[in-house]
Amino acid sequence: MDINEIAQIFDNAAINTNPVKQISEAIKFSLDEAYAIQKAMIDLRLKRGERIIGLKMGFTSEAKMRQMGVRDMIWGRLTDEMMVENGGTVRMEKYIHARAEPEICFRVSQDIEGEVLLDDLDQYVDGMACAIEIIDSRFENFKFSLEDVVADNCSSTGVVVGDWITPSREIKNLKMTLSFDNELKAEGSSFDILGDPWRSLQAATRLAYQYGEKIKAGHIIMAGASTAAIFIEKGTTVSAEVGGIGKCSFNVI
Ligand code: 0L1
Ligand code: MG
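One structure accompanies this document, and this report is about it. (Residues numbered from 1 in each chain as written. Chains lettered and ligands numbered in written order. Predicted model: local features only at pLDDT ≥ 70, side-chain atom pairs only at ≥ 80, totals over all residues. Heavy atoms only, no water.)

### Considering the overall build of the chain
Point 1. The helix and strand inventory of the chain stands at five helices and 13 strands.
Point 2. Whereas a compact globule of 253 residues would reach a radius of gyration of roughly 18 Å, the chain reaches 17 Å, a difference of no more than 12%.
Point 3. By principal-axis analysis of the C-alpha atoms, the chain measures approximately 50 × 45 × 35 Å.
Point 4. Residues classed as buried in the chain amount to 56% of the 253 residues present.
Point 5. Sequence-distant contacts in the chain: of pairs separated by 6 or more residues, those separated by 24 or more amount to 76%. (Helix = DSSP H or I, 4+ residues; strand = E, 2+ residues; numbered from the N terminus. Rg over C-alpha atoms; globule rule 2.2 N^0.38 Å. Buried < 20%, exposed > 50% of the residue type's maximum accessible area, 1.4 Å probe, protein only. Contact = heavy atoms within 4.5 Å.)

The following block contains the structure:
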């Protein structure tokens, strides 16, 4: 089976909300090949008229790595079709078994041509916001290897972004929460995102450059979660709050 065939399997699984078995149990492939499959799957979406709006970083916290049984940071591509309006509504039928997690999102102010040093990142960012990532693995029971999940675009499915605020470098210890109908479901600290969410943005510039993906002015970078992800439930309002940054939410029907 070639890269395009595997990409098509994921694309079909997402469109038909029909999960598939772990690909890596049938075929062995490398991490580089996994990123090539991810790109081929995104190309299918771009051919349908979607456009890239940024990147997401994944497994940037111990809690997430432990939950999913992996040891490495990963990254995926975000398209405009994945954006959910802050306060907006999603239909449960659109998903296989979606989970949500609270995140911090950065907005890029100018094109990034290579890896940017941590100290220089301010020059490339003009906004930060509280965000929620909706992840919906195309694999049965969220069961995957590191290569599988990378090939599946790191389970990327939806992104909710709150109001933008002026970026601050001091976001190392902010309380991050996820609630359903105002009932607390998960709580963490921004410290759990690599000790400082700016480090996640730095890693995004390094990995994007390594894999030849452009980060452009206006793109958003999701820095990753500080908590485990929680299965969303029909009939609830899912909200996130990051102390000092803001809030955002969406409704599930
Ligand atoms: O941290 C992340 O956003 C990784 C998402 C991919 C793994 C998963 O589906 O939980
Ligand atoms: Mg995430």
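### A look at the coordination of the magnesium ion (ligand 2)
Point 1. Coordination sphere of the magnesium ion (ligand 2), protein contribution only: Glu101 (OE), Glu103 (OE) and Glu133 (OE), at 1.9 to 2.0 Å.
Point 2. All donors of the magnesium ion (ligand 2) come from a single chain, and their spacing in sequence reads E-x1-E-x29-E. Like Glu101, the residue Glu103 is buried in the burial classification. (Donors = N, O, S within 2.8 Å, 3.2 Å for Na, K, Ca; no water.)

### Points about the site of ligand 1
Point 1. Taken together, 13 residues lie near ligand 1, and Lys56, Phe59, Glu101, Glu133 and Ser155 sit nearest.
Point 2. Contact distances for ligand 1 include 2.9 Å between an oxygen atom and a backbone N or O atom of Phe59.
Point 3. Taking Glu101, its side chain carries an N or O atom lying 3.0 Å from an oxygen atom of ligand 1.
Point 4. Here ligand 1 has 310 Å² of accessible area as a free molecule, and 100% of this is covered by the chains.
Point 5. Looking at the shell around ligand 1, its residues break down into seven nonpolar, two polar and four charged. (Near = heavy atom within 4 Å. Polar contact = N/O pair within 3.5 Å; in protein donor to acceptor, adjacent residues only side chain to side chain. Areas by Shrake-Rupley, 256 points an atom, 1.4 Å probe, with all protein chains shown as cover. Nonpolar A, V, L, I, M, F, W, Y, C, P; charged D, E, K, R; others polar.)

### A word on the packing of aromatic side chains
Point 1. If you walk through the whole model with that rule in mind, you get seven aromatic pairs.
Point 2. On the basis of an interplanar angle of 50° and a centroid distance of 4.8 Å, the ring pair of Phe106 and Trp198 is categorised as tilted. Of this pair, Phe106 sits in strand β5 (residues 99-108) while Trp198 sits in helix α5 (residues 197-210), placing them 92 residues apart in sequence.
Point 3. Its relative accessible area of 0% is what places Phe106 among the buried residues.
Point 4. Cluster of aromatic residues (ring-pair linked, three or more members): Phe10, Phe139 and Phe144.
Point 5. Above the ring of Phe142, the side-chain terminus of Arg99 is found at 4.1 Å from the ring centroid.
Point 6. Positioned above the aromatic ring of Trp198 is the side chain of Arg169, whose terminal nitrogen or guanidinium carbon lies 4.3 Å from the ring centre. (Phe/Tyr/Trp six-rings, centres within 6.5 Å; stacked < 30°, edge-to-face > 60°. Lys NZ or Arg CZ within 6 Å of the ring centre and 35° of its normal.)

### Here we look at the environment of Leu121
Point 1. Locating Leu121 in the fold gives a position in the loop between β5 and β6 (125-135).
Point 2. Separated by 84 residues in sequence, Leu121 and Thr205 have C-alpha atoms that sit 9.5 Å apart.

### Side note on the nonpolar core
Point 1. Judged by nonpolar contacts, the single largest core of 73 residues is most densely connected at Phe10, Phe59, Ile232, Val238 and Phe250.
Point 2. What Phe250 contacts, discounting residues up to four positions off in sequence, is Val84, Gly88, Val90, Ile132, Ile134, Val160, Ile232, Thr236, Thr237 and Val238.
Point 3. Core analysis: the second largest hydrophobic core is formed by ten residues, Leu78, Met82, Ala131 and Ile220 among them. (Core = buried A, V, L, I, M, F, W, Y, C linked by side-chain atoms within 4.5 Å.)

### Examining unusual backbone geometry
Point 1. We note that Phe142 has phi near 55°; this positive angle belongs to a residue other than glycine.
Point 2. Positionally, Phe142 belongs in the loop between β6 and α4 (146-151).
Point 3. Judged by relative accessible area, which is 6%, Phe142 ranks as buried.
Point 4. A positive phi angle, near 65°, is found at Asn182, a position not held by glycine.
Point 5. Inspection of the secondary structure puts Asn182 in the loop between β8 (175-180) and β9 (183-189).
Point 6. What makes Asn182 exposed here is its relative accessible area of 73%.

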